[in-house]
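# Architecture and fold: a report
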Amino acid sequence: MNMYDIIYKKREGGILTKDEIDYFVKGYTNNNIPDYQAAALLMAIFLKKMNNEETFNLTASMKNSGDIIDLSSINGIKVDKHSTGGVGDKTTLIVAPLAAAAGIPIAKMSGRGLGFTGGTIDKLESIPGFKTSVETEEFIKLVNNSNLSVIGQTAHIAPADKKIYALRDVTATVDNLSLITSSIMSKKLASGSDAIVLDVKCGNGAFMNNLHDAEKLGELMVDIGFADGKKIIAIITDMNQPLGRAIGNSNEVIEAIETLKGNGPDDITQLSLTLASYMIYIGGKASSPDEGYKMAVSALKSGNALKKLIKLIKGQGGNIDVVNDYTLFPQPAWSVEIKVTREMMMDENGGLSEKKYISNIDTKNIGLASQHLGAGRATKEDIIDLSAGIYLHRKLGDSVSLGDVLATISGTDYSRKESGIKEVSKVFSFGNIKPEKQTLIKKVIMK
Ligand code: URA
């Protein structure tokens, strides 16, 4: 077997065998296959696609490329949650405490942000002192003590994905169904939880732009998880605008804390309660998602979920005072308001409208704008500015008039300010008719 023949076969639209997929994954992980051959195969997969069996085999091979975490010393059904990637998505910081407060053990390994999407580990690191790198033994102890720990994925979990993802990122091969599925599921299956709730993002700020593709991704991931013996549910949710109002790191943690205090934006609150309800249900603590929802509401209203977050921060060395004193988070050096300009309010006939509606938000580009302000990374090596970010004062369907504030952008690096203003000003589109409200929860896929 050799790489040339495998690339050639896929280039011609052939179906790769399990052995051929294993050969590629093992060889590339062990540095025996060069980047140029791996890149050629990824592009052939991107263009000719993989069938379900190939995707199953690719996932298994990537999962088995590293450690499989054993969480059996934690009592109960361990439930994991994963988002396929969006903008302003801080739900893990809310959902995990909600489910933990309802009795679900959450041993969560999360990732960092890359490109236009954010990552939970970066957000948590904006809490002074918070340790995201914890040995497995300590991780298990934390979950046994308080039902909740969130740590960064170790380098030993699905190392094949680390290499392949980095290569996909620079070869325009990220947004492929089989490659996304194998990337996410290899890590989830290696992380040791018994059950998984997947938040499959759908819209102009997600890898899957339309419902059809998001459904295919959700169904395939559910099939793969189920075949591996996991309880698994995929929920397709809207990503046609950022979730909540905050995009960044510190500001997203503050919004998550506010949500746990009962003051969160509606979309974040509703989505978090829904995801938590399915986690509580799949974890066997509720007999239906509806009952799970009631338990999640009760965890929110009683303040028990907020207490879980405080315990999480304390257990991992963070300063719990941040919960009541937001000045303890990294602070930006500058902030600028982006306002509605005359140009934005101009009609086709050259007149000036008194009132318009926000008809579209280019979510991917607002994610990229946040990255360019310093809140995200263009490459894995970039150091992020935890204080940088965007706060949306107006969202889809809101009415606006001349001079209204659309967003506030902030950061530490003054050289990023002017381009930030330009980028964020461009993400909004305006119309004279109020657009229809997007459905937040689009579909639930379960076996
Ligand atoms: N998240 C991942 O972990 N992998 C992908 O390919 C896409 C999103």
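Note that residues are indexed from 1 along each chain, following the sequence as it is written. Totals for whole chains, interfaces and linings use every residue, but because this is a predicted model, local features are given only for residues with pLDDT of at least 70 and side-chain atom pairs only at 80 or more, for both listing and counting. Excluding hydrogens and water, the side-chain values take into account all heavy atoms of the structure.

## Details of the domain arrangement of the chain
For clarity, the cut-off: Reported domain spans reflect what an automatic or database domain assignment gives. In this analysis, two residues are considered to be in contact whenever any of their non-hydrogen atoms come within 4.5 Å of each other. Buried area is a sum: the accessible area each of two parts loses on coming together, probed at 1.4 Å, counted once for each and added. We define a salt bridge as a side-chain nitrogen of Lys or Arg found within 4 Å of a carboxyl oxygen belonging to Asp or Glu.
The assigned domain composition of the chain is domain 1 (3–48), domain 2 (79–327) and domain 3 (331–431). Taking only C-alpha atoms into account, the centre of domain 1 sits 31 Å from that of domain 2. On the side of domain 2, twelve residues touch domain 1, which itself brings twelve residues to the contact. Carbon and sulfur atoms supply 76% of the area buried between domain 1 and domain 2, which totals about 1,100 Å² over both sides. Of all residues in domain 1, the largest losses of buried area upon contact with domain 2 belong to Tyr28, Leu42 and Phe46, amounting jointly to 52% of the total for that side. For the pair domain 1 and domain 2, the number of links is zero salt bridges.

## Considerations on the site of the ligand
So the rule is basically this: Any residue with a heavy atom lying within 4 Å of a molecule or strand is counted as near it. Counted as a polar contact is a pair of N or O atoms within 3.5 Å, where, for protein atoms, one must be capable of donating a hydrogen and the other of accepting one, and residues adjacent in sequence contribute only when both atoms are in side chains. We get accessible surface area from the Shrake-Rupley algorithm with a probe of 1.4 Å; when it comes to residues, only the shown protein chains can shield them. Secondary structure elements are taken from DSSP: a helix is a run of H or I of four residues or more, a strand is a run of E of two residues or more, and numbering for both begins at the N terminus. Residue classes follow a fixed rule: Ala, Val, Leu, Ile, Met, Phe, Trp, Tyr, Cys and Pro count as nonpolar, while Asp, Glu, Lys and Arg count as charged, and any other residue, Gly among them, counts as polar.
All residues in the neighbourhood of the ligand are listed as Thr84, Tyr165, Arg168, Ile180, Ser183, Ile184, Lys187 and Phe207. The separation between an oxygen atom of the ligand and a polar side-chain atom of arginine 168 is 2.8 Å. When the free accessible area of the ligand is taken as 240 Å², the share hidden by the protein chains comes to 90%. Those elements that provide at least two residues to the shell around the ligand are helix H8 (159–169) and helix H9 (177–190). Residue contributions to the shell around the ligand peak at four residues, all from H9. Looking at the shell around the ligand residue by residue, the classes come out as four nonpolar, two polar and two charged.

## Let's talk about the environment of methionine 43
Using the following cut-off: Throughout, exposure labels follow a simple rule: accessible area from a 1.4 Å probe, protein chains only, divided by the maximum for the residue type, with under 20% read as buried, over 50% as exposed, and the rest as partly exposed.
For methionine 43, the position within the fold is in helix H3 (residues 35–48). What makes methionine 43 partly exposed here is its relative accessible area of 30%. For methionine 43 and arginine 11, which are 32 residues apart along the polypeptide, the C-alpha to C-alpha distance reads 8.6 Å.

## Observations regarding a nonpolar patch on the surface
We count it as follows: Patch rule: a residue counts if its relative accessible area is over 30% and it has no salt bridge; like charges are joined within 9 Å, and nonpolar side chains (Val, Leu, Ile, Met, Phe, Trp, Tyr) within 5 Å.
A cluster of nonpolar side chains, contributed by Met346, Leu352 and Leu402, occupies part of the molecular surface with about 240 Å² of accessible area. Here leucine 352 lies in the loop between helix H15 (342–345) and strand E8 (356–361). A relative accessible area of 38% places leucine 352 in the partly exposed class.

## Comments concerning the environment of serine 353
Position of serine 353 relative to the elements: it lies in the loop between H15 and E8. Residue serine 353 is classed as buried on the basis of its relative accessible area of 12%. Spatially, the C-alpha atom of serine 353 lies 20 Å from that of glutamate 436, the residues being 83 residues apart in sequence. The contact partners of serine 353, leaving out residues within four places of it in the chain, are Met345, Asp347 and Asn432. Only 2.8 Å separates the side chain of serine 353 from the side chain of aspartate 347, close enough to count as a polar contact.

## Side note on helix H14 (residues 304–315)
Filter applied, for reference: Expected span, for any helix, means 1.5 Å times one less than how many residues it has. Think of it as the arc spanned by the lines of direction from the helix axis to the C-beta atoms.
For H14, which comprises twelve residues, the first-to-last C-alpha distance of 16 Å matches the rise-based estimate of 16 Å (1.5 Å per residue) to within 8%. Looking only at H14, the buried set comprises Ala305, Leu306, Lys308, Leu309, Leu312 and Ile313. When H14 is viewed along its axis, its buried side chains cluster within an angular range of 155 degrees and face the same direction. Of the exposed residues in H14, the ones pointing more than 90 degrees away from its buried face are Lys307 and Lys314. Buried positions along H14 lie against helix H5 (92–101), helix H7 (136–146), strand E3 (148–152), helix H11 (250–260) and helix H13 (289–301).

## Description of the sheet that holds strand E11 (residues 405–411)
Strands belonging to one sheet form pairs held by backbone hydrogen bonds; the direction of such a pair is parallel or antiparallel. Let me state the cut-off plainly: At least two bridges found by DSSP between two strands are what make those strands a pair. To define axes, lines are fitted to C-alpha atoms, for helices over the stretch in contact only, and angles between the resulting N-to-C directions are given on a 0 to 180 degree scale.
The antiparallel open sheet is built from four strands, whose spatial order is E6-E9-E11-E7. At either margin of the open sheet sits one strand with a lone partner, and together these are strand E6 (246–248) and strand E7 (334–339). Looking at each pair of strands side by side, their axes are set apart by 15 degrees on average, direction ignored. Sheet contacts for helix H16 (residues 363–375): E6, E7, strand E9 (389–392) and E11; angle to E9, the most-contacted strand, approximately 135 degrees. Contacting E7, E9 and E11, helix H17 (residues 417–425) runs over the sheet at an angle of about 30 degrees to E7.

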